[in-house]
Amino acid sequence: MSTKKMLRNEAPLLEVKNLETAFDIEGTDYNAVDNVSFQVKPRQIVGIVGESGCGKSVMSLSIMKLLPKGIGKVKSGEIIFDGKNLEKMSESQINKIRGKDVSMIFQEPMTSLNPVFTIGYQLQEVLFNHMKISKQEARQKAIALLKSVGISRPEKLVDEYPHQLSGGMRQRVMIAIAIACQPKLLIADEPTTALDVTVQAQILELLKEIQAVNDMSVILITHDLGVVAEMCDEVIVMYAGRIVERADVDTLFHNPKHPYTTLLLGAIPKMDEQEERLSSIQGIVPSLTNMPKVGCRFAHRCPKAMPKCFTVTPVLGDIEQDHEVACLLYETSIPREGVK
Amino acid sequence: MEIVTQKDTNISAAPPKKSSSQWAIARKKFLKNKLALTSLIFLLFVAIISFLAPYITTADITRINIGEMSLEPSSKHWLGTDKAGRDVFTRLLYGGRISLLIGMSCTLFVIFLGTLIGSVAGYFGGTVDSLLMRFTDFILNFPFLVFVIVLNAILFGKVNGLWVLIGVISLLSWGGIARIVRSKILAEKENEYIIAAISIGCSPAKIIVKHLLPNVLSTIIVQATITFASMIVIESALSFLGFGVPQEIPSWGNMLDSAIEPDVLQFKLWIWMPPAILITITILSINFIGEGLKDAFNPKSRR
């Protein structure tokens, strides 16, 4: 707990302010991420959870400026990393940051490595991009990196091709590439979704270890609350492009405030209870094109919905110290007059 | 993916240092394809004797010899002489030089231009893509023959005829390659490893050259062989019509030119048959090589 208190007072490493990311669908802009603000402190692991289609991945792509060209764009808001506004940067400026200060791990380890190059080549590429380093040194460093992500025969593996590796191994290689230049921030976009459970545990363990050794911040995007409980310091719950609740991990698990969070937690299967059916949240996340314009976006699935939920848009308000919720059940979320 | 036959695994006790890449697998497959291999050897043979022509034969290719007009094949002139008294065999060798040179350089230019324009259009998309592709359509719709004839007439005598021809053919032929490369790049760039490459700070130029092109190279190589064959045909056709290589330079197409006369066509087979046969076999073997490469690069073929 003491480390967490310490974290609170530090200047944030990443600050996202009122981020709006839109997709252009047949000439109209639809916001996939709507007015999202949060901070990541140095050495903090922030989990972002939510169902599929909640805008988690889109948000991470916005931070890295990796949105599909011509279709997705950041409409407004600021992304301030280490004092610099990433949104105002040119392509070549951001290329100096990508892979060096901020790097990313993707969901699909099977397709995230280029099939025509050896593992060593792809590891060395990031080193050559950001460091002045000789070929020999780069190779040594690549081997050391592979060793650090728990690969047992790195000297041999550097000369192998991605198709010779298993999924877990590939994800380890992806992690090695991501941490090669010791970034300050690592964005892990569902790093374990494509892996089986035993490998999942190993990869998470590895990520935690690396985070501690390298003193980096991590944004962990997942829809697995178990992963969040194990890894994160702080949790952000997203629904339909908006943040509905933000709290530190203990608070969120023991004292969830938003009905959506409660239902998400309720949907985790429990080992000690004999249940015929797993509980689920009825309905689905509304698609981008028929998102409700006003009101709470969760209202039509919410068991506690009130009439005003469909007409008043809740705002994110501090319900207690470091615990924000956007739900009209709480007074802090009722928008004040004159404020949208 | 890797094909290791039972025998190989038994024999090689020590595993190879670098594991076989896509290229090594393709090479292995290609070498197993007898037809393609024979074709490759034939093509190399033709190329080598053509380029060594000055050392193989000493006869003058340009001097007109009235005393030896239209001679039948003999021990002195292996393939006889043409209507100007020039040795057909010698001209055939020198002609191969020109035909292969034109085919080769046109192919290089065409592949370079097509790949450049196709990959830039495919990778950047949007306005860049539309502009480049409309330009490509424009080039593809150009009346090729008319343009070549007019341009040749304008530039005749001002620039070395051979390079004019190479330039004109190349500038008008890259459209198809550009379209193929673009479509390949469009499919390839959606792969996650491209986003991953961007996320480690690779510039667009680096992404195209280092990540996308190696993945579409197999297609480009196959296209290059087919282009090579068609370039030789185009050269022959233009020269046959008299709009190609200047008359004083022998090329396979130029040698066919004399077959326009009914007398030569009917009774002096030795004048036009050798280049005709050589063109046919060369193009056939290039196509076999292309076919072999296509099989070799296709992971689904098990030949």
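Residues numbered from 1 in each chain as written. Chains lettered and ligands numbered in written order. Predicted model: local features only at pLDDT ≥ 70, side-chain atom pairs only at ≥ 80, totals over all residues. Heavy atoms only, no water.

Chain B carries the name ABC transporter permease in an unreviewed UniProt entry, which gives Neobacillus novalis as its organism. Word for word, the UniProt comment on chain B under Sequence similarities (unreviewed entry) is "Belongs to the binding-protein-dependent transport system permease family." (UniProt positions renumbered as here; feature names shortened; annotations may be inferred.)

With an unreviewed UniProt entry as reference, chain A is termed ABC transporter ATP-binding protein, source organism Neobacillus novalis. Regarding chain A, the UniProt comment filed under Subcellular location (unreviewed entry) reads as follows: "Cell membrane". As recorded by UniProt, the Sequence similarities (unreviewed entry) comment attached to chain A reads in full: "Belongs to the ABC transporter superfamily."

(A) Representation of helix H10 (residues 192-199) of chain B within the structure. Residue and element names in this part refer to chain B. Of all eight residues in H10, seven are buried, a share of seventy percent or more. All of the buried residues along H10 are Glu192, Tyr193, Ile194, Ala196, Ala197, Ile198 and Ser199. At the exit of H10 stands glycine 201, carrying a positive phi of roughly 90 degrees. (Buried < 20%, exposed > 50% of the residue type's maximum accessible area, 1.4 Å probe, protein only. Helix = DSSP H or I, 4+ residues; strand = E, 2+ residues; numbered from the N terminus.)

(B) How the structure looks around empty space enclosed by the protein. Under the criterion given, the structure shown has three cavities of 30 Å³ or more. Ser112(A), Ile177(A), Ala196(B), Ala197(B) and Ile200(B) are, among the 15 residues lining the largest cavity, the residues nearest its centre. Of all the elements in the fold, those that place two or more residues in the lining of the largest cavity are helix H4 (119-130) and helix H7 (167-179) of chain A together with H10 of chain B. It is H10(B) that provides the largest number of residues to the lining of the largest cavity, a total of four residues. Class assignment of the residues belonging to the lining of the largest cavity gives a composition of ten nonpolar, four polar and one charged. Here the second largest cavity defines a volume of roughly 60 Å³. Along its surface, the second largest cavity is lined by His258(A), Cys296(A), Phe298(A), Ala299(A), Cys302(A), Lys304(A), Cys309(A), Cys327(A), Leu328(A) and Leu329(A). Its residues assigned to classes, the lining of the second largest cavity comprises eight nonpolar, one polar and one charged. (1 Å grid on protein atoms, 1.4 Å probe; cavity = no way out; pocket = protein on both sides within 12 Å on 5 of 7 lines; lining within 4 Å. Points joined across faces, edges and corners; volume = space filled by probe spheres on them. Nonpolar A, V, L, I, M, F, W, Y, C, P; charged D, E, K, R; others polar.)

(C) The sheet that holds strand E11 (residues 317-320) of chain A, seen in detail. Residue and element names in this part refer to chain A. Strand order in the open sheet formed by eight strands is E6-E7-E8-E3-E9-E10-E12-E11, and the pairing between neighbours is mixed. On the outer flanks of this sheet lie strand E6 (102-105) and E11, each paired with one strand and no other. Sheet twist, expressed as the average angle between the axes of neighbouring strands with direction ignored, equals 25 degrees. In this structure, E11 lies alongside strand E12 (residues 323-325), joined through three bridges in antiparallel fashion. Bridging from a neighbouring strand, aspartate 318 pairs with glutamate 324 of E12. (Pairing = 2+ DSSP bridges. Axes fitted to C-alpha atoms, helices over the stretch in contact; angles between N-to-C directions.)

(D) The arrangement of the packing of helix H3 (residues 34-51) of chain B against helix H5 (residues 88-124) of chain B in detail. All names here are of chain B. The N-to-C vectors of H3 and H5 enclose an angle of 115 degrees; their axes lie 8 Å apart at closest approach. By the angle between their directions, the pair H3 and H5 is classed as roughly perpendicular. As H3 packs across H5, the resulting crossing turns out to be left-handed. Across the interface between the two elements, Val46, Ala47, Ile49, Ser50 and Phe51 from H3 touch Leu93, Gly96, Arg97 and Leu100 from H5. The class makeup of the residues in the contact of H3 with H5 is six nonpolar, two polar and one charged. (Parallel < 35°, antiparallel > 145°, perpendicular 65-115°, else oblique. Left-handed = near helix turned anticlockwise from the far one by under 90°. Contact = heavy atoms within 4.5 Å.)

(E) Structural context of the pairing of strand E8 (residues 217-221) of chain A. Residues and elements named next belong to chain A. Among the five residues of E8, five are classified as buried, and the element is accordingly described as predominantly covered. Here E8 shows a buried face lined by Ser217, Ile219 and Ile221 and a second buried face lined by Val218 and Leu220. As defined by bridge partners, strand E3 (residues 45-49) adjoins E8 across four bridges and the pair is classed as parallel. Counted as the bridge partner of isoleucine 45 is valine 218 from E8. Sheet topology note: the strand E7 (residues 185-189)/E8 ladder contains five bridges and is parallel. Residue pairing for E8: aspartate 189 is matched across the bridge by isoleucine 221. In this region the chain leaves E7, passes through helix H8 (residues 197-214) and returns to the parallel neighbour E8; the handedness of that crossover is right-handed. (Right-handed = clockwise from strand over helix to strand, strands pointing away.)

(F) Summary view of the domain arrangement of chain A. Residue and element names in this part refer to chain A. On domain assignment, one finds that chain A holds domain 1 (2-101 + 187-266) and domain 2 (108-180). Here domain 1 and domain 2 have C-alpha centroids that lie 25 Å from each other. Opposite the 16 residues of domain 1 that make contact, domain 2 presents twelve residues. Taking both sides of the interface into account, the surface hidden between domain 1 and domain 2 amounts to around 1,000 Å²; carbon and sulfur atoms contribute 69%. On the surface where domain 1 and domain 2 come into contact, there are zero salt bridges. Where domain 1 touches domain 2, the interface holds three residue pairs in polar contact (both at pLDDT 80 or more). Mapped onto the side of domain 1 that touches domain 2, the elements with two or more residues apiece are helix H3 (91-97) and H8. (Domains from an automatic or database assignment. Buried area = accessible area lost by both parts, 1.4 Å probe. Salt bridge = Lys/Arg side-chain N within 4 Å of Asp/Glu carboxyl O. Polar contact = N/O pair within 3.5 Å; in protein donor to acceptor, adjacent residues only side chain to side chain.)

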